[in-house]
Amino acid sequence: MNKNRISIFYRITHIFTYHPWLKLISLILAVIVWLYIKEEMLLG
Amino acid sequence: MSYAGILIHWKSIVEIIVLWIVIYRTLLFFEGTRAIQVIRGIALVLVAFFIFQKLGLERLDWLFKNFFATSIIALLVIFHPEIRQALARLGQRNLFVNSMDEEEIDLMLKEIIKSVEDLAGYKIGALIAIEKNDSLSGYIESGIRIDAKLSSELIQAIFTPNNPLHDGALIVQRGRIMGAGALFPLAQRPDINRIFGTRHRAALGLSEESDAVIIVVSEERQDISLVYQGKLYNNLNYEDLFLKIKGIIKIRK
């Protein structure tokens, strides 16, 4: 049980500590791509 | 907010999350290869392109649109080997890794680290690859299949000079020694320090094609290096090595 708790905690911290910059850059790019596609679709 | 409004927002969020995951996984795939620098460049160009469009700079917008469309084809040709490697890794995902619990991982790492400590002390070189998510079964076929319980003594016996299996890599899958004498592709990067020999190049080569954790023992300098995703960490002490490997293999990325 204790082992599972550590594992879940580790998994949550891992989300923020594993390649945080790559995740942030990916999110910015995803928003830019989404906005670009949205505009292109509206234009034609 | 109306029901339709919530639905539109919900759909937009899902779309952005899907795009985020796809972009993140793509960047992660190319991490450790020389293509990552080009992908970073493309990302910068995309951001610049978006800003130019928002500011209404039509000439720059036109230039980027035309230049970017043609350069994509050139990039596909130049980075054909890296793209091929990344796509090959897609098909290598192993469903059974990490079926080991923390205790088993600790035990496996203690045995491996004890063996590399002794091998370094005896000035014996070694190359050990620990499988993570990407299957190393293809590489086992290039050497000799073993399937034995992992122990420090067996690892040392395999790397003892004049042993028929000592020349090549040892592969660990799910806490068991599955192969020895395996051959890995050599990294062709020009930026590798000349003090590192073929063993380190092979470790870097494998790390560019898979997410395996690779330990290299240098027979000349008696130092231990860790190679993961195209990066080489050397001059590690045994405690750092243990914690670093544990952190890498504990979690699926």
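Before reading on, note that the structure itself is shown above.
If you're wondering where the values come from, they're calculated on a predicted model, not measured in any experiment. (Residues numbered from 1 in each chain as written. Chains lettered and ligands numbered in written order. Predicted model: local features only at pLDDT ≥ 70, side-chain atom pairs only at ≥ 80, totals over all residues.)

*Asks:* Sorry, what's going on with the overall build of chain A here?
*Replies:* On a plain count of helices and strands, chain A comes out with 2 helices and 0 strands. By residue count, 9% of the 44 residues in chain A fall in the buried class. (Helix = DSSP H or I, 4+ residues; strand = E, 2+ residues; numbered from the N terminus. Buried ≥ 20, exposed ≤ 12 C-beta atoms within 10 Å, placed from the backbone.)

*Asks:* Looking at this structure, how should I read the overall build of chain B?
*Replies:* A tally of helices and strands in chain B yields 9 helices and 7 strands. Looking at chain B as a whole, 28% of its 253 residues qualify as buried. In chain B, 64% of the contacts between residues at least 6 apart in sequence involve partners at least 24 apart. (Contact = placed C-beta atoms within 7 Å.)

*Asks:* It is not clear to me how the pairing of strand β6 (residues 224-228) of chain B should be interpreted in this structure. Could you clarify?
*Replies:* Two faces, one strand: in a regular strand the side chains alternate between the faces of the sheet. All names here are of chain B. Among the 5 residues that make up β6, 5 are buried, leaving the element largely enclosed by the rest of the structure. Here β6 shows two buried faces, one formed by Ile224, Leu226 and Tyr228 and the other by Ser225 and Val227. When strand β5 (residues 213-217) meets β6, the two strands line up antiparallel, connected through 4 bridges. Pairing of Ile215 across the sheet is with Leu226, part of β6. The antiparallel pairing of β5 with β6 creates a hairpin that spans 6 residues between the two strands, and Gln222 there sits at a positive phi of about 60°. Direction of pairing for β6 relative to strand β7 (residues 231-233): antiparallel, over a ladder of 3 bridges. By the bridge assignment, Val227 is partnered in β7 with Leu232. (Pairing = 2+ DSSP bridges.)

*Asks:* Hey, could you run me through the packing of helix α5 (residues 102-121) of chain B against helix α9 (residues 238-250) of chain B in this one?
*Replies:* The relative placement of two packed helices comes down to the angle between their axes together with the axis-to-axis distance. Residues and elements named next belong to chain B. Remark: α5 packs on α9, axes separated minimally by 10 Å, with the N-to-C direction vectors making an angle of 140°. Classified by the angle their axes make, α5 and α9 are oblique. The crossing of α5 and α9 is right-handed. Across the interface between the two elements, Ile105, Leu109, Ile113 and Glu117 from α5 touch Tyr238, Leu241, Phe242, Ile245, Lys246, Ile249 and Lys250 from α9. (Axes fitted to C-alpha atoms, helices over the stretch in contact; angles between N-to-C directions. Parallel < 35°, antiparallel > 145°, perpendicular 65-115°, else oblique. Left-handed = near helix turned anticlockwise from the far one by under 90°.)

*Asks:* Can you help me understand the sheet that holds strand β3 (residues 169-173) of chain B in this one?
*Replies:* Sheets are built from strands that pair by backbone hydrogen bonding, the pairs being arranged parallel or antiparallel. Residue and element names in this part refer to chain B. What the 7 strands build is an open sheet, ordered β2-β4-β3-β1-β5-β6-β7; its pairing is mixed. Either end of the sheet is taken by a strand with one partner, and the two such strands are β2 (144-149) and β7. For this sheet, the mean angle separating the axes of adjacent strands, direction not counted, is 20°. Bridging between β3 and strand β4 (residues 176-182) involves 4 bridges; their strand directions are antiparallel. By the bridge assignment for β4, Ile171 is matched with Gly179.

*Asks:* Would you explain the interface of chain B and chain A in this entry?
*Replies:* Often, the extent of an interface is quoted as the loss of accessible area upon association of its parts. The interface of chain B with chain A comprises 17 residues on the first partner and 18 residues on the second. Secondary-structure elements contributing two or more residues to the side of chain B that touches chain A are α1 (3-30) and α2 (35-55) of chain B. With 8 residues, α1 of chain B is the largest single contributor of residues to the side of chain B that touches chain A. For the side of chain B that touches chain A, the per-class residue count stands at 12 nonpolar, no polar and 5 charged. (Nonpolar A, V, L, I, M, F, W, Y, C, P; charged D, E, K, R; others polar.)

*Asks:* How do you make sense of helix α3 (residues 58-78) of chain B when you look at a structure like this?
*Replies:* Along an α-helix, residues three or four positions apart point the same way, because every turn accommodates 3.6 residues. In this model, α3 of chain B (21 residues) spans 30 Å end to end at C-alpha, consistent with the 30 Å of a helix rising 1.5 Å per residue. Across the 21 residues of α3 of chain B, 0 count as buried, placing the element largely on the outside. (Expected span 1.5 Å × (residues − 1).)

*Asks:* Teacher, can you tell me more about unusual backbone geometry here?
*Replies:* In terms of backbone geometry, most residues other than glycine have negative phi values and most peptide bonds are trans. All names here are of chain B. Phi at Gln229 is positive, roughly 50°, even though this residue is not glycine. Along the chain, the position of Gln229 falls in the loop between β6 and β7. Located in the positive-phi region is Asn235, a residue other than glycine, with phi close to 55°.

*Asks:* It is not clear to me how the pairing of β2 of chain B should be interpreted in this structure. Could you clarify?
*Replies:* Residue and element names in this part refer to chain B. Taking burial as the measure, the 6 residues of β2 include 0 buried ones, a minor fraction of the element. Two strands pair when backbone bridges link them, and β2 and β4 are joined in this way by 4 bridges, in the antiparallel orientation. Note on β4: the bridge partner recorded for Lys149 is Arg176.

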